[in-house]
Each structure stands twice: as structure tokens, then as C-alpha cells.
Amino acid sequence: MAGLPFEREYVANISQMPKGKIPVLEDKGRLIPDSSHIRQYLADTYGFDLDSHLTAEQKAVGTAFQRLAEEHLHWVNNYAFFIDPAGKDWVMKAMLDGLPQDEAEGFYQFLFDKLTGQLHAQGLGRHSREEIYAFGREDVDAVAAFLGDKPFLFGDKISSFNTAVAPSFPCCCAPKSTPRSPNTPAACPTSPPTRNASTKPYSAAQNKPQAAAKQRQRPSENCAYWFSDGLYGRTP
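This one's a predicted model, so the numbers in the text were calculated from it and none came from an experiment. (Residues numbered from 1 in each chain as written. Predicted model: local features only at pLDDT ≥ 70, side-chain atom pairs only at ≥ 80, totals over all residues. Heavy atoms only, no water.)

Peer 1: When you look at the overall build of the chain in this model, what are you seeing that I'm missing?
Peer 2: A tally of helices and strands in the chain yields 8 helices and 4 strands. The helix and strand sequence of the chain, counted from the amino end, reads β-β-α-α-α-α-α-α-β-α-α-β. Out of the 236 residues in the chain, the part that is buried amounts to 39%. Contacts in the chain between residues at least 24 apart in sequence constitute 64% of all its contacts with a sequence separation of at least 6. Accessible area of the chain: about 13500 Å², with a carbon and sulfur share of 54%. (Helix = DSSP H or I, 4+ residues; strand = E, 2+ residues; numbered from the N terminus. Buried < 20%, exposed > 50% of the residue type's maximum accessible area, 1.4 Å probe, protein only. Contact = heavy atoms within 4.5 Å. Areas by Shrake-Rupley, 256 points an atom, 1.4 Å probe, with all protein chains shown as cover.)

Peer 1: Would you take a moment to explain the packing of helix α2 (residues 56–82) against helix α4 (residues 101–122) for this structure?
Peer 2: Packed helices, taken two at a time, are described by the angle their axes make and the gap between the axes. Relative orientation of the contacting elements α2 and α4 amounts to 145 degrees, with a least axis distance of 10 Å. Read as a crossing pair, α2 and α4 show a hand that is left-handed. Packed against α2, whose contacting residues are E71, W75, N78, Y79, F81 and F82, the element α4 presents Y108, L111, F112, L115, Q118, L119 and Q122 at the interface. Broken down by class, the residue content of the contact of α2 with α4 amounts to 9 nonpolar, 3 polar and 1 charged. (Axes fitted to C-alpha atoms, helices over the stretch in contact; angles between N-to-C directions. Left-handed = near helix turned anticlockwise from the far one by under 90°. Nonpolar A, V, L, I, M, F, W, Y, C, P; charged D, E, K, R; others polar.)

Peer 1: Help me understand the packing of aromatic side chains, please; the structure alone is not making it clear to me.
Peer 2: Evaluated as defined, the whole model comprises 8 aromatic pairs. Ring plane angle 75 degrees and centroid distance 6.4 Å describe the contact between F154 and F161, whose orientation is recorded as edge-to-face. Classification of F161 by relative accessible area gives buried; the value is 6%. One aromatic cluster is present, formed by F65, F146, F154 and F161 through successive ring pairs. The positively charged end of K150 is found above the aromatic ring belonging to F146, 4.6 Å away from the centroid. (Phe/Tyr/Trp six-rings, centres within 6.5 Å; stacked < 30°, edge-to-face > 60°. Lys NZ or Arg CZ within 6 Å of the ring centre and 35° of its normal.)

Peer 1: What should I look at first to understand the side chain of D27 in this one?
Peer 2: Tracing the chain through its elements places D27 in strand β1 (residues 24–27). It is K28 that comes nearest to the buried, bridge-free D27 among opposite-charge side chains, at 4.7 Å. Once residues within four sequence positions are removed from consideration, D27 is found in contact with Y41 and Y46. (Lys, Arg positive; Asp, Glu negative; His and termini not counted. Salt bridge = Lys/Arg side-chain N within 4 Å of Asp/Glu carboxyl O.)

Peer 1: I would appreciate a short explanation of helix α5 (residues 129–147) in the present structure.
Peer 2: Spacing of three or four residues puts side chains on the same side of an α-helix, whose turn is 3.6 residues. In this model, α5 (19 residues) spans 27 Å end to end at C-alpha, consistent with the 27 Å of a helix rising 1.5 Å per residue. Inspection of α5 places I132, Y133, G136, D139, V140, D141, V143, A144 and L147 among the buried residues, and these make up the whole buried set. Where α5 ends, the next residue or the one after it, G148, has phi of about 55 degrees, a positive value. (Expected span 1.5 Å × (residues − 1).)

Peer 1: Got a minute to help me understand the environment of Y41 in this structure?
Peer 2: By secondary structure assignment, the location of Y41 is in helix α1 (residues 35–46). C-alpha separation for the pair Y41 and D27, spaced 14 residues apart in sequence, amounts to 9.9 Å.

Peer 1: When you look at α4 in this model, what are you seeing that I'm missing?
Peer 2: Taking 1.5 Å of rise per residue, the 22 residues of α4 would be expected to cover 32 Å, and the 31 Å separating its terminal C-alpha atoms lies within 8% of that figure. Burial in α4 covers these residues: A104, Y108, L111, L115 and L119. Relative to the axis of α4, the buried residues are bounded by an arc of 65 degrees and lie together on one face. α4 presents D102 and A121 as exposed residues on the side facing more than 90 degrees away from its buried surface. On its buried face, α4 sits against α2 and α3 (88–94). (Arc of directions from axis to C-beta.)

Peer 1: Quick question: what am I supposed to make of the pattern of salt bridges here?
Peer 2: Side chains that carry opposite charge are capable of pairing whenever their charged atoms lie near each other. A complete count under the given rule lists 4 salt bridges for this structure. Between E105 and K88 there is a salt bridge, with its nearest N and O atoms 2.9 Å apart. Here E105, found in helix α4, pairs with K88, found in helix α3; they are 17 residues apart in sequence, far enough to count as distant.

Listed below in C-alpha cells is the structure:
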């Protein structure tokens, strides 16, 4: 989006990264960890600021939605994939396929144990499965209600808050009509099921009268949630 040349490098051991997490930007010999710091670095260094058109109030709202996605809905997704038994088959096929069975099982158990502890410390893991998924649905509904029929969160122009919120949605919901192959695990769509490139978590690919009717419904009425509707590794 910034038009800057770059190379993507995959990191096998993220413990060697600053702060022990990814993504990390390396530029001019400097390592910049964390998406928020990377965005700020690009703005300060190269003048690439996706939020220059936003008011202070809009930035405040955007920050709240970013925290919702990164610090809450993200953990619902983690629970769905790595802790809920319904997600194990998807993880084994989509993420660990190709490893020897014992290594795949061992790595999955490592992720399960680590994320179970982290989720408990974060607080979400102290709730029941049903309560966790209810929280996730509320997060999705909140973003959808604010988005309405706008192409982006704050109108016709994309902002950094769209790029922060959107990645959480392909991993938790999709239109109920999304086809799934009987021979492969149900995978998240490659991009949020939206009109244009917004973060609306359900399809608006209908004619205008139908879309207007759908707009008045809760997203949970017209989308299937990957994290709670039994889509992991199952056939239609």
C-alpha cells in the first residue's frame, strides 16, 4: 500500500525476534516489532500515513476497534483453533500437514498448553465455551453495526484501523453459503466477505433491496461463525 519495495522473510523461531513476536520490520539495519510501531515508523520515516484524513474523535474510535480485534477477538480465534477440540482437525490438516504424526501431535499439544495458560491469564479462558463464543459474536456484531453500509470504517477511504481489524474476520466468520470441499478442512476465506474491501463480516453481494434488508439484521443471522458453527474439517 505504501508503494515501497520489500521482501518477505519467514521466521522459524520467533523467540529470536524482539519482544518474541511477529511481525517485525527490518529497515536500514533497524528492527521494528509490532504492527502499530511499524505503521508509525512508516508514517514518520516515509510519510505513509493512512490516517491523515481522520479527526481526533475518529482516531479514538478506531483505536477502540483495533483493541477489540487485537486484544479480544484475536483470543476468541485462538481458543477456537488451538483449545476447542473442534478446531484440532483443522489445525492438523491446514497448519501441521506434512509433519510426522508424532511431531504434529507434539507441536499441537505445545500450542494447546501454551495458549491455554495465556488465555487463562488474559481472562477469556476463565469462561465457558459458550460464553467465549458469545463474546466473539458480540465483537463481530459491534464492528458490523458501526460499519453499516460504509465501504470502510470511516467512510470512503481506508485507514490503518481497517488494516488492523480486518485480519480477525476471515478467521471467525463467513457467509453461510460459503462452499466447503468434502475432501479438505473448512478453511477461512482469503479475505473478509465484504462489499469492496471493508471489514463488514457478511456478504452484501445481493441486489440493492435485498442488501438493505440484510443490513437491518444482525450479522449472526446471515453468517456462519467458523469458531462456533461446527465448520472445522467437516463436509457441507
